[in-house]
Each structure stands twice: as C-alpha cells, then as structure tokens.
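For reference, the chains in residue letters:
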Amino acid sequence: MTTTRLSSGGPWEQRYGYSRVVRAGELAWTAGCTATVDGRVVHVGDPAGQTAQALRIGLAALAEVGAEPGDVVRTRMYVTDRRHADEVGRAHNAVFGAVRPAATLVVVAGLLDPEHLVEVELEAYLGDR
C-alpha cells in the first residue's frame with residue numbers, strides 16, 4: 001500500500017510535524033483545517049464564513065490526493081461556542097447536504113488561535129482510484 005503525505009506550507013505543519021493530508025491506499029484524511037489563509041485568520045467573528053473556508057481548504061487538500069467531495073465519508077467539526085453550532089452546521093450542509101457523511105460536532109474550550117471559531121477534519125474513501 002502506498003502512503004502519500006502532502007503539506008500546504010501552513011504555519012504550523014513544519015513546526016508541529018504533521019501533514020495537511022495523508023492518503024493511505026483507499027483512505028484519505030485531512031489534518032484539522034481552520035480559516036487560516038497565508039498565515040492569517042480570515043472571516044474573523046463569522047463562524048459560517050470560517051467553516052466554509054476551512055471546508056474549502058480541506059477539500060482542496062483531498063483533491064490533491066484524488067478525492068472529490070462525494071468521497072467524504074466522515075467530518076468532524078470543533079466549535080469554540082455552542083451558539084455557533086447552527087451556523088457551522090448550515091455551512092457544512094451547504095457543502096455536504098447531498099453527500100451526507102457521518103459527522104460529529106463538538107464544543108471545545110478553544111483552538112490554537114483565539115480568532116479561530118471552528119476547525120474541521122475530513123475523511124474520504126476513494127475505492128480503487
């Protein structure tokens with residue numbers, strides 16, 4: 001089985017020793033994705049905007065290893081405030097409503113940058129591709 005590990009060049013990957021996306025055979029996983037673009041948090045104060053951006057980052061990483069949105073079988077969403085859950089869930093639905101992966105949404109005490117309101121992880125099954 002071949003394993004592929006790719007980096008996005010994000011500010012924490014090299015420092016903390018992880019990959020943005022890993023594909024091992026038929027499966028692919030992203031690291032936690034936030035609304036960080038070029039080292040800066042975008043959509044500050046906007047949980048839906050941050051979710052949409054984090055999902056775009058995760059899907060772009062999966063695309064680099066051959067996965068499409070329809071291949072996503074599981075998502076995890078971490079939010080810093082339960083009041084953001086509905087906005088985050090609706091942003092998730094805008095991307096995955098037709099796919100309907102297994103999903104988890106967890107309220108956490110905080111994320112690495114205090115401006116991060118949400119972090120997402122994606123898992124994909126690619127079959128024989």
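Described in the following lines is the structure provided in the data block.

How each quantity is defined
Residues numbered from 1 in each chain as written. Predicted model: local features only at pLDDT ≥ 70, side-chain atom pairs only at ≥ 80, totals over all residues. Heavy atoms only, no water. Helix = DSSP H or I, 4+ residues; strand = E, 2+ residues; numbered from the N terminus. Buried < 20%, exposed > 50% of the residue type's maximum accessible area, 1.4 Å probe, protein only. Contact = heavy atoms within 4.5 Å. Phe/Tyr/Trp six-rings, centres within 6.5 Å; stacked < 30°, edge-to-face > 60°. Lys NZ or Arg CZ within 6 Å of the ring centre and 35° of its normal. Salt bridge = Lys/Arg side-chain N within 4 Å of Asp/Glu carboxyl O. Expected span 1.5 Å × (residues − 1). Polar contact = N/O pair within 3.5 Å; in protein donor to acceptor, adjacent residues only side chain to side chain.

A few points about the environment of His84
- You can see His84 is positioned in the loop between β6 (72–79) and α3 (85–96).
- For His84, a relative accessible area of 17% corresponds to the buried category.
- Along the primary structure His84 and Val107 are separated by 23 residues, whereas in three dimensions their C-alpha atoms are 9.3 Å apart.
- Once residues lying within four places of it in the same chain are set aside, the contact partners of His84 are Pro47 and Leu117.

Let's talk about the packing of aromatic side chains
- In total, this model carries zero aromatic pairs according to the counting rule given.
- Its end group placed over the ring of Tyr16, Arg15 keeps NZ or CZ at 5.8 Å from the ring centre.

Quick word on the pattern of salt bridges
- Inspection of the entire model under this criterion finds five salt bridges.
- Salt-bridge contacts for Arg90 lead to Asp86; the nearest nitrogen and oxygen are separated by 2.7 Å. On the criterion of helical spacing, the pair formed by Arg90 and Asp86 is a turn pair, its members being four residues apart in helix α3.
- The exposed category is assigned to Arg90, whose relative accessible area is 57%.
- Of the residues examined, Asp86 reaches a relative accessible area of 47% and is grouped as partly exposed.
- Linked through salt bridges whose partners overlap, the residues forming this network are Arg76, Glu121 and Glu123.

A word on helix α2 (residues 47–64)
- Its 18 residues give α2 an end-to-end C-alpha distance of 26 Å, which sits within 8% of 26 Å, the value for a rise of 1.5 Å per residue.
- Those residues of α2 that sit buried are Pro47, Gly49, Gln50, Thr51, Gln53, Ala54, Leu55, Gly58, Leu59, Ala61 and Leu62.
- With a side-chain oxygen lying 3.3 Å from the backbone nitrogen of Ala48, the N-terminal cap of α2 falls on Asp46.
- Following α2 by one or two positions, Gly66 has its phi on the positive side, about 95°.

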